[in-house]
Amino acid sequence: LYAGYVLVMKYNTVLQSWVHSLRKISPETPDLEAGGATADSEEASMIFHVGLVRLLTNNKQFAEGMHIHAVSGVPGDVKQTFEEFDADKDGFISENDLKQTMRRLLQDEPSNVQVEQTILEMLSAESQRKDTSERKISFQDFQEWYNTAEIKTKAELFSLFKTLNIAEDGELDENGYEKFLTHLSKDEHSRNKLAKISPFTSQMAKNGKISFDDFFDWYKQQNELRSPSPQGNENENTEEESEGASLSFPPDLYGRFMYIVLFPINVGLYFTVPDVRWKNGWEKYFYVTFLLAIVWIAIYAYFMVWWAVIAGDFAGIPQAVMGLTFLAAGTSVPDLITSVIVAKQGHGDMAVSSSIGSNIFDVAMGLPFPWLLGTIVYGHGIPLSSDGTLFLSLLILFAMVLLVVITIFLCNWKMTKGMGYIMFVLYVLFVTQDLLRHYHVFRVNF
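Definitions and limits used
For every chain, the first residue of its written sequence is number 1, and the numbers climb from 1 along that sequence. Residues qualify for local features only when their pLDDT is at least 70, as the model is predicted, and side-chain atom pairs are given and counted only at 80 or more; totals for whole chains, interfaces and linings, by contrast, use all residues. Where side-chain values are given, they derive from all heavy atoms of the structure, hydrogens and water being excluded. The helix count covers DSSP runs of H or I at least four residues long, the strand count covers runs of E at least two residues long, and both are numbered beginning at the N terminus. In this description, contact between two residues means that some pair of their heavy atoms is separated by no more than 4.5 Å. Per-residue accessibility takes into account occlusion by the displayed protein chains alone, with areas from the Shrake-Rupley method and a 1.4 Å probe. For this analysis, a salt bridge means a side-chain nitrogen from Lys or Arg found within 4 Å of a carboxyl oxygen belonging to Asp or Glu. Think of it in three bands: residues with accessible area under 20% of the maximum for their type are buried, residues over 50% are exposed, and the middle band is partly exposed, with areas taken using a 1.4 Å probe on protein chains only. Angles run from 0 to 180 degrees between N-to-C directions of axes, and those axes are lines fitted to C-alpha atoms, restricted for helices to the stretch in contact. Every angle not falling under 35 degrees, over 145, or within 65 to 115 is termed oblique; those three ranges are roughly parallel, roughly antiparallel and roughly perpendicular. Each crossing gets its hand from how the near helix is turned against the far one by less than a right angle, where anticlockwise is left-handed and clockwise is right-handed.

**Q** Report on the overall build of the protein, specifying residues and quantitative values.
**A** Helices and strands together make up the secondary structure of the protein, namely 20 helices and two strands. Put simply, 60% of the contacts in the protein that link residues at least 6 apart link residues at least 24 apart. Element-wise, carbon and sulfur atoms account for 62% of the exposed surface of the protein, whose accessible area totals about 28,700 Å².

Next up, the structure:
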């Protein structure tokens, strides 16, 4: 069953297209000119620009592609790009500001020579003649450099089109654009998203073709529609990730309190699980980190179940109730954390599919696999104490799944506060009826 679920998820976009073809439904294309970018179009725009930056900077040296990253890698126009570079928000780009931005855009640590080279490129001739101890780039200097960077990026994009043989006589047709998408992303699901921001759905396309100048204007429009990234938080995350795990004693009172509370956990993880954020070659052990993390989760889960049973027996709470409430909440914390992280990044579909896939894995693999091992070891099946209500529990489970789907449908397939409240109410109702049946407040047998 689980293998079938994975197979269906792999080809879900193909199945969706097939169902739409049966119902004669054409994919909706957001009107980017009339309104702002939707969540889907913004994600597609991000995929587009990431793929294009990769193509344009291919085989280039470290800082040679800086103009491409500035034009294509930073969302917004020249003013928003300048604000992204101006890390300390003082109205100028200092050497430290530029170094932080280069580190973030190029995903590598720039050398002093490379930073110096970029500063000289951005400074105007008049600014370079000024004898100051700390050279800073004004908005006027940056605007001149940015305009030149746009021209260079446009020329390199035109050369790329010629190299890929997708634009004849400076014009692009739909077949050429589809071929271009295959170079932007090898993933079929991503290409389906990219189709939602096709320039051929705009008024620029004439007779099934679009000029290269119009395509570049559309491309700049797409970049301006992207939401600027929260630079401050991003810098903090970058610095935190570059440091990695540490056992040093924090200076503040709250940090010391949490250090003492979490020390038994952190000390075991620190000496057994490689932290890829340490750099210096530790990145290549990511698979070891992944496997050891699973091992530690299994160890924690064993002790959590053991201690929950002891606590439940001491408090007079039945094991079924402990499993339905405390254990279910405890084992769902990793799902909660991952869902929150990807949802804040704008990937709502990933947040939902992560929770659904986790529960399907629990039912299709987490339960039957231990039972299979138990029957092999003990030579007989494992009885369940359901009090004759197992079939009713299954019906309620299917009803809950149906209500969840209906709720998402009524919320127009968007994660909203209203949907969150409804989900919370459904969970409370489910736990309440299960507890009432367990304590025989009412009894229904099937």
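That covers the picture; the talk isn't over yet.
**Q** So what about the pattern of salt bridges? Which residues, and what values?
**A** Inspection of every chain in the model, using the stated rule, returns two salt bridges. Two residues, Asp90 and Lys136, come together in a salt bridge whose shortest N-O distance is 3.2 Å. Taken together, the residues span a long stretch of sequence, with Asp90 in the loop between α5 (78-85) and α6 (95-106) and Lys136 in the loop between α8 (125-129) and α9 (139-164) at a distance of 46 residues. Look at Lys136 and you get partly exposed, because its relative accessible area is 33%. Put simply, Asp213 and Lys154 hold a salt bridge, and the shortest N to O gap is 2.9 Å. You can see Asp213 sitting in helix α12 (residues 212-225) and its partner Lys154 sitting in helix α9, a full 59 residues away along the chain.

**Q** Explain the packing of α6 against helix α7 (residues 112-122) residue by residue, including any values.
**A** The contact between α6 and α7 brings their axes to 10 Å, and the two run at 110 degrees. If you check the angle between α6 and α7, you find them roughly perpendicular. The two elements α6 and α7 cross, and the hand of that crossing is right-handed. Across the interface between the two elements, Glu95, Leu98, Lys99 and Met102 of α6 pack against Asn112, Gln114, Val115, Thr118, Ile119 and Met122 of α7.

By themselves these figures say nothing about function.
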